[in-house]
Amino acid sequence: MISLNLLPKNLRRRVEPGWWRLAAVVFVLATLATVGILHYNALTQVQALENERDQLQLEVNALRPFIAEQNTLNSQQQDLEKLLAVRNALRTKFVPWSDNLAQVINQIPREGRGFGVALKSIGTKALTPQEASTNAQNGAYDGKPVSVEFNLQGQAMGQNALIRFVQAFESSDRFGINFQQASLDQTSGLYNFGATVGLVGGTQNASTTPGGAQNGSPSR
């Protein structure tokens, strides 16, 4: 059967070609494919990051005991450093009094087999750097930088013994002396005196065997 359309061309129904439908379908499919690929890539990256996170967590868990031990060692090191600081501070302030006293006694000149003077009392004092500097600036101990002072009270068997006592400390590079006073005891014939002896470098050891301070009258 033949179908004829006798309507004018401007009134006839147009039949559109089917290619645009195909293009629309292809576009939709391409869009879905692109979204799917992007989604897959995102999921892959997320999974990789999660796997990396889990691996790092395993490493952290494995290293946790070592980290705790390291923290303990660091804490112990800090405690030891504090103790070392205290020890160094004590060493800085330490004064070997026995060695220094031995040096003072051995510096006293002898009269024959004994000493020409007898020490009745000895007072000791460690000078601060400021005090030592002030003494040196003021000309004390002939300007020698003494760090330890010995306040001596004693008796001399005679004027010559007292002079030799003072000269022994004045002429020494290791000592200085500030002679304070002397008086003659008419009854005993001995000279009572007071003097302050300064020791240069009070941390050095005595090089000779200590003698010993005598109580009472000096040797004659």
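Since the structure is predicted, the reported quantities are computational estimates derived from the model, not experimental observations.

## Quick notes on the confidence of the model for the chain
Parts of the model with low pLDDT should not have their predicted coordinates read in detail.
Right, on to step 1. Of all residues in the chain, 81% have pLDDT values of 70 or greater, and the mean over the chain is 81.
Right, on to step 2. Contacts of residues 204-220 to residues separated by more than four positions or lying in other chains number 44 contacts, the stretch itself having pLDDT below 50.

## Remarks on the nonpolar core
Right, on to step 1. One finds Phe165 and Phe169 to be the most contacted residues of the largest nonpolar core, which totals 21 residues.
Right, on to step 2. When contributions to this core are tallied by element, the ones reaching two or more residues are α2 (97-107), β3 (117-126), β4 (146-156), α4 (159-170), β5 (175-184) and β6 (191-200).
Right, on to step 3. Counting five residues, the second largest nonpolar core, distinct from the first, contains Ala140, Tyr141, Val146 and Val200.

## Let's talk about the pairing of β5
Right, on to step 1. Here β5 runs beside β6; their pairing, made up of nine bridges, is antiparallel. The residue bridging phenylalanine 175 from the neighbouring strand is leucine 199, located in β6.
Right, on to step 2. Turn length for the β5-β6 hairpin, with the two strands adjacent in sequence and antiparallel, is six residues, and the turn residue glycine 189 shows positive phi of about 75°.

## Details of the sheet that holds β6
Right, on to step 1. The strand order across the open sheet built from four strands is β3-β4-β6-β5, with neighbouring strands paired in antiparallel fashion. Each having just a single partner strand, β3 and β5 make up the two edges of the open sheet. On average, each strand axis in the sheet is tilted by 15° relative to the strand beside it, whichever way the strands run.
Right, on to step 2. As paired elements, β3 and β4 share nine bridges and run antiparallel to each other.

## Looking at α4
What sets the pattern is the α-helix's 3.6 residues per turn: residues three or four places apart point alike.
Right, on to step 1. Its twelve residues give α4 an end-to-end C-alpha distance of 17 Å, which sits within 8% of 16 Å, the value for a rise of 1.5 Å per residue.
Right, on to step 2. Considered for burial, the residues of α4 that qualify are Ala161, Leu162, Phe165, Val166, Ala168 and Phe169. Each buried residue of α4 lies within a common arc of 155° when the element is viewed along its axis, so the set occupies one face. Residues of α4 that are exposed and angled more than 90 degrees away from the buried face: Gln159 and Asn160.

Scoring rules and cut-offs
- Residues numbered from 1 in each chain as written.
- Predicted model: local features only at pLDDT ≥ 70, side-chain atom pairs only at ≥ 80, totals over all residues.
- Heavy atoms only, no water.
- pLDDT = per-residue confidence, 0-100.
- Contact = heavy atoms within 4.5 Å.
- Core = buried A, V, L, I, M, F, W, Y, C linked by side-chain atoms within 4.5 Å.
- Buried < 20%, exposed > 50% of the residue type's maximum accessible area, 1.4 Å probe, protein only.
- Helix = DSSP H or I, 4+ residues; strand = E, 2+ residues; numbered from the N terminus.
- Pairing = 2+ DSSP bridges.
- Axes fitted to C-alpha atoms, helices over the stretch in contact; angles between N-to-C directions.
- Expected span 1.5 Å × (residues − 1).
- Arc of directions from axis to C-beta.

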